[in-house]
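Here's the letter readout for the chains.
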Amino acid sequence: MTEQRIVVVTGASRGAGKGIALALGAAGDVVYVTGRTTTPGASDLPGTVADTAAEVTRRGGTGVPAIVDHADDAQVAALVDRVRDEHGRIDILVNNAIALPRALTRKGPFWEKPLNLTDLFDVGMRSAYVCTYYAAPLMAPGGLVVNTSSFGGTAYMHGPAYGAAKAAVDKMAHDMAVDFRPFDVAVVSLWMGLLKTERTVAAFDAHPEMYSGLAATAESVEFPGRIIDALHRHRSRMERSGRVLIGAEVAQDLGVTDVDGNRPPSHRAFLGDPPAFSDAVVE
């Protein structure tokens, strides 16, 4: 593959989205980096859309900053129009944008937490559908759509709002794959492990005695991007379409390592299996 791939990574100011964008930038891709943070310090965590795009370019790709609020359908449509005008296609779409309310990890039952945890249903669940809806006509044959997800799709994790959002994008990938199959576009949901995001690294640093074991097996934020790169290029792309994939296991299958040369372990034994969906198609 000699032509630069055209990639859209949503929610890439920081965290998993940033890492995925950087990994694909290192592969030489044109990466549209979307997010809302334009000014350093505007968020309680570091990172901006422009910073990520600039680092993509430094890594050897072409970073394209795109300020997008994924709660606004019109802004998403405008993003896709821009990609159409500038390149005419999308090779890889990564639906990663998500709302993470501050109270998400607060202990206690869901009714004692703020109702704004349902923001996950808008940015994180609905936004994956909307972005793919607009991007679908641009997806090139041989393309790949990835919904970033986690073991929270089946295991209790942070409560029912988070679980519902993750279970939804998992099933969405399966159903979208049915519609995309005649066009040679694969769709998967990728379960990431514990990532070394800005937020988790701060927690590790603040309480090393508590998190040393977790930190030792955590994945870099670039690890999912390396997996996505390898999956798009691999002959098994369409064979895996419609499935919920555990990132660490795909990495093992495809020979992908993390940035430190290691392979993080799968947490299947502890957190459970991905869902198996019916092959039935009712139109």
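As named in an unreviewed UniProt entry, the protein is NAD(P)-dependent dehydrogenase (Short-subunit alcohol dehydrogenase family), taken from Gordonia humi. Word for word, the UniProt comment on the protein under Sequence similarities (unreviewed entry) is "Belongs to the short-chain dehydrogenases/reductases (SDR) family."

Colleague: I'd like a rundown of the packing of helix α8 (residues 223–233) against helix α9 (residues 247–254), residues and numbers included.
Modeller: Interhelical geometry of α8 versus α9 gives an angle of 50° and a closest axis separation of 10 Å. Classified by the angle between their axes, α8 and α9 sit oblique to one another. You can see that α8 and α9 cross each other, and the crossing is left-handed. Here α8 contributes F223, I227, A230 and L231 to the contact with α9, which in turn contributes G247, A248, V250, A251 and L254. Residues of the contact of α8 with α9, tallied by class, amount to eight nonpolar, one polar and no charged.

Colleague: I'd love a proper account of helix α3 (residues 73–86), names of residues and values included.
Modeller: Here α3 contains 14 residues, and its C-alpha end-to-end distance of 20 Å stays within 8% of the 20 Å for a straight helix at 1.5 Å per residue. When we look at burial in α3, the residues that qualify are V76, A77, L79, V80 and V83. Taken around the axis of α3, the buried residues stretch over an arc of 155°, which confines them to a single face. Across α3 from its buried face, at more than 90 degrees, point the exposed residues A74 and D85.

Colleague: Run through the pattern of salt bridges, naming residues and quoting values.
Modeller: Think of it this way: side chains of opposite charge can pair up when their charged atoms draw near. Considering all chains together, one arrives at 16 salt bridges under this definition. The shortest N-O distance in the salt bridge between R89 and E3 comes to 3.5 Å. Placement of the pair is R89 in the loop between α3 and β4 (90–95) and E3 in the segment before β1 (6–9), with a sequence separation of 86 residues. Two residues, R59 and E55, come together in a salt bridge whose shortest N-O distance is 2.9 Å. R59 sits in the partly exposed class, given a relative accessible area of 29%. A network of salt bridges, in which partner residues are shared, links R5, D29, D229 and R233.

Colleague: So what's going on with the packing of helix α1 (residues 15–26) against helix α2 (residues 49–58)? Residues and values would help.
Modeller: Following both chains from N to C, one finds α1 and α2 inclined at 25°, their axes separated by 8 Å at the closest point. Comparing the axis directions of α1 and α2 gives the class roughly parallel. Between α1 and α2 lies a crossing whose hand is right-handed. For the pair α1 and α2, the contacting residues are K18, A21, L22 and G25 in the first and T52, E55 and V56 in the second. Its residues placed into classes, the contact of α1 with α2 shows three nonpolar, two polar and two charged.

Colleague: Outline the nonpolar core, listing residues and values.
Modeller: Among the nonpolar cores identified, the biggest contains 30 residues, and V9, V31, V33 and I228 are the most heavily contacted of them. It is α8 that provides the largest number of residues to this core, a total of five residues. Those residues within four positions of I228 in sequence are excluded, and the remaining contacts are I20, I92, V94, L144, V146 and L190. Judged by nonpolar contacts, the second largest core, of 28 residues, contains V30, A66, V145 and A173.

Each value, and the rule that gives it
Residues numbered from 1 in each chain as written. Predicted model: local features only at pLDDT ≥ 70, side-chain atom pairs only at ≥ 80, totals over all residues. Heavy atoms only, no water. UniProt positions renumbered as here; feature names shortened; annotations may be inferred. Axes fitted to C-alpha atoms, helices over the stretch in contact; angles between N-to-C directions. Helix = DSSP H or I, 4+ residues; strand = E, 2+ residues; numbered from the N terminus. Parallel < 35°, antiparallel > 145°, perpendicular 65-115°, else oblique. Left-handed = near helix turned anticlockwise from the far one by under 90°. Contact = heavy atoms within 4.5 Å. Nonpolar A, V, L, I, M, F, W, Y, C, P; charged D, E, K, R; others polar. Expected span 1.5 Å × (residues − 1). Buried < 20%, exposed > 50% of the residue type's maximum accessible area, 1.4 Å probe, protein only. Arc of directions from axis to C-beta. Salt bridge = Lys/Arg side-chain N within 4 Å of Asp/Glu carboxyl O. Core = buried A, V, L, I, M, F, W, Y, C linked by side-chain atoms within 4.5 Å.

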